[in-house]
Structures are given as structure tokens and as C-alpha cells.
Amino acid sequence: MKKLSDIIKGITVVERINDNDCEVEQIVFDSRKAARNNVFVAMPGTVVDGHQFIPQVIEAGCRCVVCEVVPVDYPDDVVILKVDDASLVLGQMAAAFYNHPSQKIQLVGVTGTNGKTTTATLLYHLVMNMGYKAGLFSTVANYIGKTKIDATHTTPDALTLNKTMAEMVEAGCEYCFMEVSSHALVQNRVAGLDFKGGLFTNITHDHLDYHKTFKAYIDAKKSFFDGLSKSSFALTNGDDKNGQIMLQNTKAEKYSYSLRGMGDFRGRIIESMFEGMQLDIDGQEIWTQFVGDFNAQNLLNVYGAACLLGFEKQDVQVALSQLKPVDGRFETIRSASGKTAIVDYAHTPDALKNVVETINLVRQAKQQLITVVGAGGDRDPLKRPEMAREAVSGSSKVILTSDNPRSEDPEVIISQMMEGVSFKERIKVLSIVNRREAIRTACMVAGPGDIILIAGKGHETYQEIKGVRNHFDDREIVNEVFNEE
Ligand SMILES: CC(=O)N[C@H]1[C@@H](OP(=O)(O)OP(=O)(O)OC[C@H]2O[C@@H](n3ccc(=O)[nH]c3=O)[C@H](O)[C@@H]2O)O[C@H](CO)[C@@H](O)[C@@H]1O[C@H](C)C(=O)N[C@@H](C)C(=O)N[C@H](CCC(=O)O)C(=O)O
Ligand SMILES: Nc1ncnc2c1ncn2[C@@H]1O[C@H](COP(=O)(O)OP(=O)(O)OP(=O)(O)O)[C@@H](O)[C@H]1O
Ligand SMILES: N[C@H](CCC[C@H](N)C(=O)O)C(=O)O
Ligand SMILES: [Mg+2]
């Protein structure tokens with residue numbers, strides 16, 4: 001229970017109707033969860049406008065309504081707070097309601113198109129392995145110390161974030177690592193949080209269905225760094241052409257990492273093979289269980305962040321060599337006859353390009369690469385032909401299939417992917433809509449020594465079709481076929 005006056009301290013209110021103070025049991029932004037003594041925050045959304053539910057929440061017993069448009073009718077005893085941006089105010093109120101947990105933990109956020117889960121998860125494991133308690137918010141799962149909590153979003157809403165972070169503080173976590181998605185930035189899910197550090201991975205094509213233009217997508221990511229305070233650090237990818245732009249207006253202390261010999265944290269790949277790569281990190285050679293330039297960049301990001309958090313360079317270098325790949329990221333399964341399947345969450349053209357190039361770097365010429373890939377429905381359609389083009393250009397054979405079709409027809413998605421494949425290369429491409437059959441076929445046509453890349457769903461354990469999530473796990477299907485051999 002908190003006083004309304006305490007949770008709105010410092011918040012800019014454009015118009016206030018009724019000066020009553022009241023006890024607040026909970027803040028809600030979904031009318032279906034509204035109850036007595038709640039504050040309801042009405043927000044315009046992508047499907048409906050939360051303002052239309054104001055009469056219902058008052059009926060349910062809400063004592064205060066935060067809104068951008070004052071309703072025509074309301075009872076005299078209800079406090080109405082008109083604000084410019086309700087989602088921003090929700091973030092600020094959520095932080096105050098849960099006693100500003102982000103001020104009691106070293107919070108580090110990671111943003112970028114690809115590599116957020118990998119970077120945040122590796123930081124979490126690195127710090128835990130070094131004997132400290134940490135929390136994690138990621139696409140795959142959230143953690144409070146070692147306790148796992150299912151994740152519904154890459155970045156949860158402001159209330160869930162602050163509530164869970166308060167539990168992390170309560171459990172004795174000193175660090176919290178989190179992914180900051182571009183959707184979360186536009187929707188102010190991280191407003192009101194105090195970040196100790198901000199990390200950038202890269203920016204390439206994704207989510208243009210939501211952001212509309214690449215410029216708007218860049219601006220969303222950049223707003224994270226614009227919002228960092230003077231006492232925090234901002235670490236960027238010196239090898240990404242937009243890496244410096246991200247930091248151009250930040251007040252935070254600026255740092256960069258690079259594989260090209262520049263920046264504050266430098267790395268170089270000495271040798272790569274399927275099992276891992278040997279890296280030179282700031283003059284120290286280490287063996288890691290990761291492959292690919294992109295993973296070397298992820299490791300440098302992790303290394304830089306850990307150093308900026310105050311850990312000793314040498315300790316971090318040792319800890320880096322002990323890290324294991326993240327669930328569904330370049331996850332390797334071998335068959336008795338010598339086939340290798342790689343399950344990877346590559347669901348953007350750049351990720352697919354990277355993972356295919358990495359496999360081509362470490363495979364021998366006689367080993368074929370068979371790629372199985374689809375693209376998600378109700379997501380950026382512009383990435384579909386690009387993904388197919390990347391898959392085809394680096395693979396011996398490609399099977400185009402379904403990902404999470406959601407409300408769309410998977411055959412239509414596949415035909416849009418096919419538009420990215422030149423007529424000359426179509427001979428390499430097969431389309432099998434049923435993902436299970438596509439994976440089974442790829443695993444069966446592969447010969448001993450061949451590599452099967454299954455891209456797009458990584459750790460996911462479901463396939464979403466017309467609003468229903470059916471159990472589905474790429475890895476289970478591979479194991480099933482390999483066990484039949
Ligand atoms: C497109 C998008 O991001 N939508 C998010 C957004 O919902 P919305 O704007 O569609 O909400 P809406 O349904 O229009 O409703 C508007 C308002 O009315 C309220 N409402 C609605 C119905 C009702 O009966 N009563 C009521 O009060 C809603 O609670 C909301 O406050 O706000 C909701 C609450 O925070 C999110 O759950 C929802 O995520 C949806 C489910 C989603 O799929 N989001 C994905 C795209 C997403 O966020 N992905 C990123 C990762 C992207 C990446 O980098 O790969 C993520 O961070 O997870
Ligand atoms: N630094 C990177 N640069 C480019 N591609 C990467 C990088 N790190 C990982 N990838 C590729 O992108 C895929 C997704 O990686 P990861 O889950 O870490 O990204 P993410 O940013 O969390 O994605 P999401 O937006 O879905 O949360 C990986 O499976 C790999 O193929
Ligand atoms: N966070 C990404 C994940 C995409 C994963 C892919 N399997 C899909 O369902 O499109 C998104 O929501 O766009
Ligand atoms: Mg992620």
C-alpha cells in the first residue's frame with residue numbers, strides 16, 4: 001500500500017481534477033485486472049485505446065485515473081490526472097511504487113537488433129560464476145539469482161519490470177542485466193529506471209512493420225543512450241557503422257569495443273573451429289566455446305561491461321573462457337553417423353548471414369550445408385525475401401518452411417521469401433510448409449559429415465498458429481530423426 005501523493009512526486013501533471021490523496025493498492029494499465037483502490041493508467045495502444053475502459057475501471061473501484069484525454073463523465077471522488085504521455089508516467093509511477101529498485105542494484109541494459117539475449121545472458125552467467133548474485137531479463141527466461149521465471153516478452157512492461165527487480169533486490173542480487181527492445185523503448189517500458197550502463201550490439205533490418213522507417217528504428221535504439229545519466233557508462237560496437245551515432249547525444253561516459261584494433265576494448269580472432277575460437281582479448285589469449293565474428297563482438301561487449309562494472313580484467317578473461325553458449329544459439333546436435341545439426345535463433349537477414357558465413361568458415365568443402373528456415377507471421381514482411389536470399393547464397397540446399405505463422409497463411413509467407421531467390425538459384429530451394437517435415441527431410445537427406453542449419457526458432461518450445469501455441473521444439477525433432485538412424 002502506498003499513498004498516491006508518494007507515487008506521483010516529481011511527475012508532470014498537465015491537469016488535476018480532485019486534490020484528494022488516497023491509498024493505492026496497485027497500479028494497473030489493463031482494465032481486466034482493475035480492482036478496488038487501484039490507479040488505472042489509460043494508454044493508447046496498437047489495437048485499442050485504453051481510454052475507452054475508464055468507466056469500467058471506475059466501476060471496479062479504481063480511485064485514480066491517469067490519462068492523456070480527460071473523460072467526459074466521472075464521479076466526483078475519483079482523482080483524474082491528465083498527463084502528456086501516459087506510458088512515460090506509468091514507468092515513473094511503477095518505479096516509485098516499488099521503491100526504485102533500479103537504484104539499489106547495478107542495472108545494465110543491452111540494446112541492438114541481434115545479440116541482446118546472448119550478451120545479457122553471458123553477463124549474468126559471468127557475474128554469477130564469479131560469486132555474485134545477479135538477475136536477468138531476457139527473451140529466453142528471467143532469473144532472480146538461480147530461480148527461473150518464464151519470460152513473456154524480451155523486455156517486460158514497466159510494472160512487471162519494477163516488481164521483479166524489487167524481488168531481485170530483496171533476494172540479495174547486486175547486478176541486473178536486461179535486454180532493452182526497441183518496442184520497449186517506444187512504449188516507455190524502461191522509463192523511470194536508473195541504468196548503471198547501456199550496451200549496444202548492432203543495428204540492421206528488423207521490425208519495420210512497427211517502426212515504419214529505419215530512421216525511426218535507429219532513433220528508438222538511440223533514445224536508450226540519450227536517457228542514460230552522467231554517472232553511467234555507454235559501451236558501443238566500434239565496428240558497427242551506427243555504433244557512434246548511438247552515443248552522440250548521451251551524457252554517459254562513452255566507451256567502445258572492436259575487432260578491428262580500435263576502441264577501448266580490443267579483440268582479435270586467432271583461430272576458429274566448430275567447437276570454438278581462440279581469441280586475443282586486450283593482449284591475453286583465451287579459448288572460448290563460441291564461433292563467429294558476431295560472437296567475438298558479443299564476448300567483447302561482455303568483457304567491456306564487466307570491466308566497467310569494476311571487475312579485474314584478468315578475472316574477467318578467465319571467466320569468459322568458461323562461458324557456455326546460450327540456449328538455442330548455435331546449439332549443436334550430432335548424429336551417430338556424423339551429421340551435425342545447428343539450431344539457431346537467427347530470425348533477421350543479418351543474423352542468418354552471420355550464422356551461415358560462420359558455418360562456411362569452419363566447414364570443409366566436402367561437407368554440405370542444408371538450411372531450413374522460415375519467417376514469422378504478423379512481423380516485418382520486408383525481411384522475408386532478404387532472409388531467403390541470405391540463406392540461399394551461403395547454403396548448398398535450402399528448405400523454406402513455416403516459423404510462427406501467427407494469423408498469416410504460411411504458404412504466402414514462403415512465397416514472399418521465395419521472391420528474394422534468383423531464378424538461377426531456385427534449383428537449390430525446396431518448400432515444405434510443415435516445419436516438422438522440413439526438419440525431418442533435411443536431416444534425412446544430409447549425408448555423414450553434412451551440416452543442417454535450422455534457423456529462426458532457437459530456444460522456442462512452441463509454434464504459434466492462429467492464436468494457439470502448440471508444443472514444438474526444433475531440437476526434439478532433430479533428436480527424434482537422429483535416434484532413428
Ligand atoms: C505491438 C506491441 O508491442 N504491443 C504491446 C502493447 O500492446 P498494445 O499497444 O497492442 O495494447 P492494446 O491491446 O492496443 O491495448 C491498449 C491499452 O489498453 C489496455 N486494455 C486493452 C484491452 C482491454 O480490455 N482493457 C484494457 O485496459 C491495454 O492493457 C493497453 O494498456 O503493450 C502490451 C502491454 O505492455 C504488450 O503486451 C504488447 O505486446 C505484444 C503482446 C507483443 O507481441 N509485442 C511484441 C511485438 C514485443 O513487444 N516484442 C519485443 C521484442 C522485439 C524484438 O526486439 O525482437 C519485446 O520486448 O518483447
Ligand atoms: N552480435 C551479433 N550480431 C549479429 N548477429 C548476432 C549477434 N549475436 C547473435 N546473433 C545472431 O542472432 C540470433 C539471435 O541472437 P540473440 O538472441 O542474442 O539476439 P536478440 O537481440 O536477443 O534477439 P531478439 O530481438 O529476438 O530478442 C543468434 O541466434 C545469432 O544467429
Ligand atoms: N522477438 C522477435 C522474435 C522472432 C522469432 C521468430 N521465431 C518469429 O516468431 O518471428 C519478434 O517477436 O519479432
Ligand atoms: Mg532477445
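Residues numbered from 1 in each chain as written. Chains lettered and ligands numbered in written order. Predicted model: local features only at pLDDT ≥ 70, side-chain atom pairs only at ≥ 80, totals over all residues.

## Brief notes about the confidence of the model for the protein
Looking at the protein as a whole, the pLDDT averages 96, with 100% of positions reaching at least 70. We note a pTM of 0.96 for the whole complex and an ipTM of 0.97 for its interfaces. (pLDDT = per-residue confidence, 0-100.)

## A word on the site of ligand 1
The immediate surroundings of ligand 1 are formed by 20 residues, with G45, V47, G50, H153 and S181 found nearest. Grouping the amino acids of the shell around ligand 1 by side-chain chemistry returns 6 nonpolar, 11 polar and 3 charged. (Near = placed C-beta within 6 Å. Nonpolar A, V, L, I, M, F, W, Y, C, P; charged D, E, K, R; others polar.)

## Description of the domain arrangement of the protein
When cut into domains, the protein gives domain 1 (2–97), domain 2 (101–320) and domain 3 (331–484). Of all the elements in the fold, those that place two or more residues in the side of domain 2 that touches domain 3 are α7 (208–211) and β16 (265–273). Its residues assigned to classes, the side of domain 2 that touches domain 3 shows 6 nonpolar, 7 polar and 2 charged. (Domains from an automatic or database assignment. Helix = DSSP H or I, 4+ residues; strand = E, 2+ residues; numbered from the N terminus.)

## Some details on helix α16 (residues 474–484)
Within α16 the residues assigned to the buried category are D474, I477, V478 and V481. Seen end-on, α16 carries its buried residues on one side only, within an arc spanning 100 degrees. For α16, the exposed residues lying more than 90 degrees away from the buried face are E476 and N483. Summarising the contacts, the buried residues of α16 are in contact with β19 (331–334), β20 (340–344), α15 (435–445) and β24 (451–455). (Buried ≥ 20, exposed ≤ 12 C-beta atoms within 10 Å, placed from the backbone. Arc of directions from axis to C-beta. Contact = placed C-beta atoms within 7 Å.)

## Thoughts on the pairing of strand β9 (residues 134–137)
Residues A134 and L136 point to one face of β9 and G135 and F137 to the other, with burial holding for every one of them. As paired strands, β9 and strand β10 (residues 141–144) are joined by 2 bridges and run antiparallel to one another. Its bridge partner being in β10, L136 is matched across the sheet by Y143. From the end of β9 to the start of β10, which pair antiparallel, there are 3 residues. (Pairing = 2+ DSSP bridges.)

## A look at the pairing of β24
Counting buried positions along β24 gives 5 out of 5 residues, so the element sits mostly inside the fold. Side chains of β24 alternate between two faces, with I451, L453 and A455 and I452 and I454 buried alike. Strand direction decides the pairing type here: β20 and β24, joined by 5 bridges, are parallel. Bridging across to β24, D344 finds its partner in A455. Relative to β24, strand β21 (residues 369–373) is paired through 5 bridges, and the arrangement is parallel. Along β24, the bridge assignment pairs V373 with A455.

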